[in-house]
Structures are given as C-alpha cells and as structure tokens.
Amino acid sequence: MKIYNSLTHKVEELVPNEAGRLSMYTCGPTVYHYAHIGNLRSYIMEDVLEKYLRYTGLDVKRVMNITDVGHLTSDGDTGDDKMLKGAKREHKTVMEIARFYTDAFFDDCAKLNIKTPDVVEPATGCIGDFIKVISSLIDKGYAYEAGGNIYFDTSKLKEYYVFGDFNEEDLEVGVREGVEADENKRNKADFVLWFTKSKFDDQELKWDSPWGVGYPGWHIECSCISMKHLGERLDLHCGGIDNQFPHHTNEIAQSEAYLGHKWCNYWFHVHHLNTNSGKMSKSKGEFLTVSLLEQKGYNPLVYRYFCLLSHYRKSLVFSYENLDNAKASFEKLISRIAAVVKDAVGEVDKAEFARLKAGFDAALGNDLNTSLAITAVYDVLKADVNAATKLALIEDFDQVLSLDLVKQAKALNKAQEQENEEIPVEVNKLVEQRAAARRAKDFARADELRAQIEQLGWLVKETREGTKLSRK
Ligand code: AMP
Ligand code: ZN
C-alpha cells in the first residue's frame, strides 16, 4: 500500500519493520465528554486503514490509549485540565467521568462499525511506565526539574519541529488571552513530562514519584503506551491533524531521546471535519454526536458513508444538507444491492472477480482513496457479470468499508416481502371485526381480536395513515 507520510510529505510505499506484520498506534479519546462526529471522522478513517491493511494480508497489531489524565484544554501546558472540567460539570469524580465516557465512546464506535483496537490502555494504568521513561530522560540530560515540574528540554535535539511547518507561535493557538507564560521553561517549546506544582490544587488523581506527588503530562502517555505494547520500533502512528503539533512532535522528541534511535516510520493524519462556521467544537454551536444524528432519524452508517465519500487528507464540511445527500445516495445503493441479492444464484466468475477486485485495491492502495473505493462498488453493480459474482465482490469489499451493505440489502428485501405478502382472508376478517369493535368503542373486544390476529402470526398497528398489518 502507498500512503502519505506526514513526516516526509510524500506518498510512500508502506514497508513494515517486520515482513508481514504491522504495528499501529492510535491516539485515543480524551474521555471528559462524548466524542463529537469530528473526532469520530478520524476514528472511521483509521478503521478503514486498519481493515485495508489486514485485507492486504498483513498481521496488524493496533494499540490505542484512553486519555483519562493530563490533557489540558490548550494541547500544550496551559488552560484547564479537561478531565477535571468534565468532573466539575457533572458533579462526579474524574474516574466516574472517565468510565462513563469511555463506554460512550465504544458504544458510538460500535454503531459506526469501528473495530475496537487489539489493545486499549487507559493512561492512569501506566503511571509506573511513565516514571521509568521520565527518569531515564533526566539521566540522559533531556529533561530537567524546575519549579517542582519535570520538563523536556527541546534545545537538546538536533531537530525538534520534525513535521516542518510549525514554530513557537503555534503553541499559542487555542490558548486564551491572559494565560501566563510558564517561567520555569528554559525554552518556549519545552513541555511538561510530570507536574507536581500546577494551578490545579484540586487535582484529584495524583501519584507518588521520585519528584514528589503529582501527575503526568499528556504527551508522555502515548509514547509509553506504544512502546509498552508495540516495542521500540513502531510502523504507523495515527491521529487527527491537530495532533501533529505539539502532541506528535513531542511524542517523537521524547521517544527518540529515550530510545536513541528512530521510533516511528509512518505518520497518518486525518484532516478535520468542520461546520459551516469553522472548526467543530464540543462547546460552541450544536454538539454533534452520534446519538443526536440517531435522534434525528439517521442511521449512523449513513455518517460513515458520508465520511468515506471524501479523502481523509481534505477537510470536510458537515451540514445536514450534505448528510441528506449522502443518505439518499446510500439508500439507493442499498436498494441496488438488494436487487443483486435476489438474483444471486450460480457460480462466481473468478476472472471477473479478480478484475473488479483489482479496481477496489487500486483505490485504497493509493493513499486510501475511499471515494474511489465506493466508485468501485458502483463499478461492480454496473459490470456485465452475474449477480453471484457481484454479491461476492460486495461482501469482499465490505470487509473494509464496513457499511453492512449486504445485511441492509437483505433486511430491505425482507421488509418488502412482508409488505407484499398476501394477507389471509381469515386475518382480514378479524381486522375488519376489530375495526368495527373500535368504532363501537368496545376496546376489550378489539384487544381480544388483536390477540387472535397475533396468534395467526400478524401484528396490527395503528398509524397516522390508518391500521397497518405486518408479519410477527
Ligand atoms: P481528543 O478526544 O480531543 O483527544 O481527540 C480525539 C481525536 O479526534 C484526535 O485524534 C483528534 O486529532 C481528533 N479530532 C479532533 N477534532 C477533530 C475534527 N474536527 N475532525 C476530525 N478529527 C478531529
Ligand atoms: Zn497521542
């Protein structure tokens, strides 16, 4: 597979350290609130990437952290502690908040058919690992103590801004005006590895350390959790584009200083989902969650489909109008597949299967072009080949796309069959008698008749359009 590597700014062949195996690390959610659908865009695209790598035959091991400590609202070392903010908002403890929103995150992922990574590790479970790496960074001269905190010294590196395009000024982004600069830092870009003195005197989660009671900075958790489960040489690291700086820049700085060699070869960054008024946020405008989309009547997989229609390296604008267009096109696609399901008898044409599969492979193999992969599904539907081959191809592609294409097509066929099924005369008679009982306001008799209808395998329901019958 070829993939755009943010580190080299080039589309490159993805070659794992160990042939046939690939280690993949993903920055997990900060569990202080529900994930918004922007966060979930990143996880959907990473899920397609993981599934495509498996589809090509690689043995993938994927690890994700859960950020339940240390992430401040600025992504740097200023602002409020997100977890503490969440706990205060809901009058709960930090751990209660973490548990609740971790479960909510995985519920959302399940609805979007996002696979759970092989290893999921909360930061609060790895404090000993953080302390070990920070101690070693101090010993090696890459970290220093000042004002009670431990900082990484970015001036000790030959190159700190490894992704290019960034500088000290970018550290100010997202920081509210009036936030005081941290006088303890030797260089503006230095970052906290361990806090013992912070403005959060009410910090709930604190651990003993060689430098006093305190808690870890955000960046150290990803380096340590990745090394713990995936070893010293990581193949692929993923995250949203905002993670590139300072978070991933700091991960590389501390990991390579600790290891003394290159840590991760490929960096995959998903661009943002925006609204018409700019960056998606949990605090401004409508808080767009999967549950909200469901409440509005959308199948969550319509949102997955909407994401797949765009390339992960382009920002995507969310509006209900755009989502409705995706919904209409998704429903049409399902009904076309439903027709294929009905006709699918006979042998799969192996040569045509291979030819059409090659189109799908070419799309995803070239920097994960998901919109062309969807086009490949349409190419199958249009192809001059029997329905059995079409169905086999769609089932094959859906291992990666995870849109439940065949499952939904079968459900649609079943619903239509039920609608078209002839209602037995006996049932119709009972329905008429029930209607008469209702008109006469004899509801006890109407209920009796409903039970008799149910015994014959039919359900009767009152709707705005009148009485509806369906198969039990
Ligand atoms: P957080 O829970 O804030 O740590 O973010 C979880 C993931 O969502 C990170 O990989 C972020 O880079 C990513 N992310 C944040 N905002 C957006 C957005 N608007 N669109 C896509 N990904 C995002
Ligand atoms: Zn991370």
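Worth saying up front: this structure is predicted, and the values here are computed from it rather than measured.

Colleague: Give a detailed account of the pairing of strand E7 (residues 149–152), specifying residues and quantitative values.
Modeller: For a regular strand, side chains alternate in direction, first toward one face of the sheet and then toward the other. Every second residue of E7 is oriented toward a common face, with Asn149 and Tyr151 on one face and Ile150 and Phe152 on the other, all of them buried. By the bridge criterion, four bridges tie strand E6 (residues 143–146) to E7 in an arrangement that is antiparallel. Residue pairing in the sheet places tyrosine 144 in a bridge with tyrosine 151 of E7. Between E6 and E7, which pair antiparallel one after the other, the connecting turn spans two residues, and glycine 147 there sits at a positive phi close to 60°.

Colleague: Hey, could you go over the pattern of salt bridges for me, with residue numbers and the actual values?
Modeller: Pairing is possible between side chains that carry opposite charge, provided their charged atoms lie close to one another. Counting across every chain of the model gives 29 salt bridges. Here arginine 54 ties to glutamate 50 by a salt bridge, and the two come within 2.8 Å at their closest N and O atoms. Remark: glutamate 50 and arginine 54 occur in helix H1 (residues 37–55); sequence separation between them is four residues, near one turn of the helix. What makes arginine 54 partly exposed here is its relative accessible area of 28%. Lysine 228 serves as the salt-bridge partner of glutamate 121, at 3.2 Å between the closest nitrogen and oxygen. Here glutamate 121, found in strand E5 (residues 119–122), pairs with lysine 228, found in helix H5 (residues 219–230); they are 107 residues apart in sequence, far enough to count as distant. What you see here is one network of salt bridges that share partners, running through Glu46, Glu50, Arg54, Arg62, Lys115 and Asp118.

Colleague: Kindly report on the pairing of strand E11 (residues 264–270), identifying the contributing residues and their values.
Modeller: The element E11 is largely enclosed, with a buried count of six among its seven residues. Pairing of strand E10 (residues 234–240) with E11, which is carried by six bridges, proceeds in the parallel orientation. Each residue of the ladder has a partner; that of histidine 237, found in E11, is tryptophan 267.

Colleague: Account for the coordination of the zinc ion (ligand 2), with residues named and values stated.
Modeller: The protein atoms that coordinate the zinc ion (ligand 2) are Cys27 (SG), Cys222 (SG), His247 (NE2) and Glu251 (OE), at distances of 2.1 to 2.8 Å. Each of the four donor atoms bound to the zinc ion (ligand 2) contributes to angles spanning 72 to 132°, and the resulting shape is irregular. We note that the donor set of the zinc ion (ligand 2) lies within a single chain, spaced as C-x194-C-x24-H-x3-E. Pair noted here: histidine 247 and glutamate 251 are both in helix H6 (residues 244–259), with a separation of four residues, about one helical turn. Accessibility expressed as a relative area gives 0% for glutamate 251, which makes it buried.

Colleague: For the site of ligand 1, give the residues involved together with the corresponding values.
Modeller: Near ligand 1, the surroundings consist of 18 residues, among which Thr30, Gly38, Ser42, Asp242 and Leu273 are the closest. Between ligand 1 and asparagine 39 there is a distance of 3.1 Å, counted from an oxygen atom to a side-chain nitrogen or oxygen. At 2.8 Å from a nitrogen atom of ligand 1 is found a side-chain nitrogen or oxygen belonging to serine 42. Those elements giving two or more residues to the shell around ligand 1 turn out to be H1 and E10. For the shell around ligand 1, the leading source of residues is H1, giving four residues.

Colleague: So what about the environment of arginine 62? Which residues, and what values?
Modeller: Within the secondary structure, arginine 62 sits in strand E4 (residues 59–66). In this structure, the C-alpha to C-alpha distance between arginine 62 and alanine 383, residues 321 residues apart in sequence, is 36 Å. Residues in contact with arginine 62, not counting those within four places in the same chain, are Met24, Thr26, Glu46, Asp47, Glu50, Pro117, Asp118 and Val119. For arginine 62, the side chain forms a polar contact with the side chain of glutamate 50, separated by 2.7 Å.

Colleague: Tell me about the sheet that holds strand E14 (residues 316–317), and please be specific about residues and values.
Modeller: The strand order E13-E12-E14 describes an open sheet built from three strands, whose pairing is mixed. Where the open sheet ends on each side, the last strands, each with one partner, are strand E13 (278–279) and E14. Pairing of strand E12 (residues 273–275) with E14 involves two bridges; the strand directions are parallel. Its bridge partner being in E14, leucine 273 is matched across the sheet by leucine 316.

Colleague: Describe the sheet that holds strand E9 (residues 215–216), with residues and values.
Modeller: Taking strand neighbours across the sheet as the criterion, the four strands line up as E6-E7-E8-E9 in an open arrangement whose pairing is antiparallel. Sheet topology places E6 and E9 at the edges, where each strand pairs with a single neighbour.

Colleague: If you had to explain the nonpolar core to someone new, which residues and values would you point to?
Modeller: One finds Leu49 and Tyr303 to be the most contacted residues of the largest nonpolar core, which totals 93 residues. Sorting elements by how many residues they give to this core places H1 first, with 10 residues. Not counting residues within four places of it along the chain, the set of residues in contact with leucine 49 comprises Met1, Ile3, Met24, Leu236, Cys238, Phe268 and Leu368. Core analysis: the second largest hydrophobic core is formed by 48 residues, Tyr144, Phe163, Tyr215 and Phe245 among them.

Colleague: Account for the state of the cysteines, naming residues and giving values.
Modeller: Counted under the stated rule, the structure contains zero disulfides. Cysteine cysteine 238 is unpaired, with the sulfur of cysteine 264 as its nearest cysteine sulfur at 8.6 Å. The class for cysteine 264 is buried, based on a relative accessible area of 1%.

Rules behind the numbers
- Residues numbered from 1 in each chain as written.
- Chains lettered and ligands numbered in written order.
- Predicted model: local features only at pLDDT ≥ 70, side-chain atom pairs only at ≥ 80, totals over all residues.
- Heavy atoms only, no water.
- Buried < 20%, exposed > 50% of the residue type's maximum accessible area, 1.4 Å probe, protein only.
- Helix = DSSP H or I, 4+ residues; strand = E, 2+ residues; numbered from the N terminus.
- Pairing = 2+ DSSP bridges.
- Salt bridge = Lys/Arg side-chain N within 4 Å of Asp/Glu carboxyl O.
- Donors = N, O, S within 2.8 Å, 3.2 Å for Na, K, Ca; no water.
- Tetrahedral: all angles 85-135°; square planar, octahedral: opposite > 155°, others 65-115°.
- Near = heavy atom within 4 Å.
- Polar contact = N/O pair within 3.5 Å; in protein donor to acceptor, adjacent residues only side chain to side chain.
- Contact = heavy atoms within 4.5 Å.
- Core = buried A, V, L, I, M, F, W, Y, C linked by side-chain atoms within 4.5 Å.
- Disulfide = S-S within 2.5 Å.

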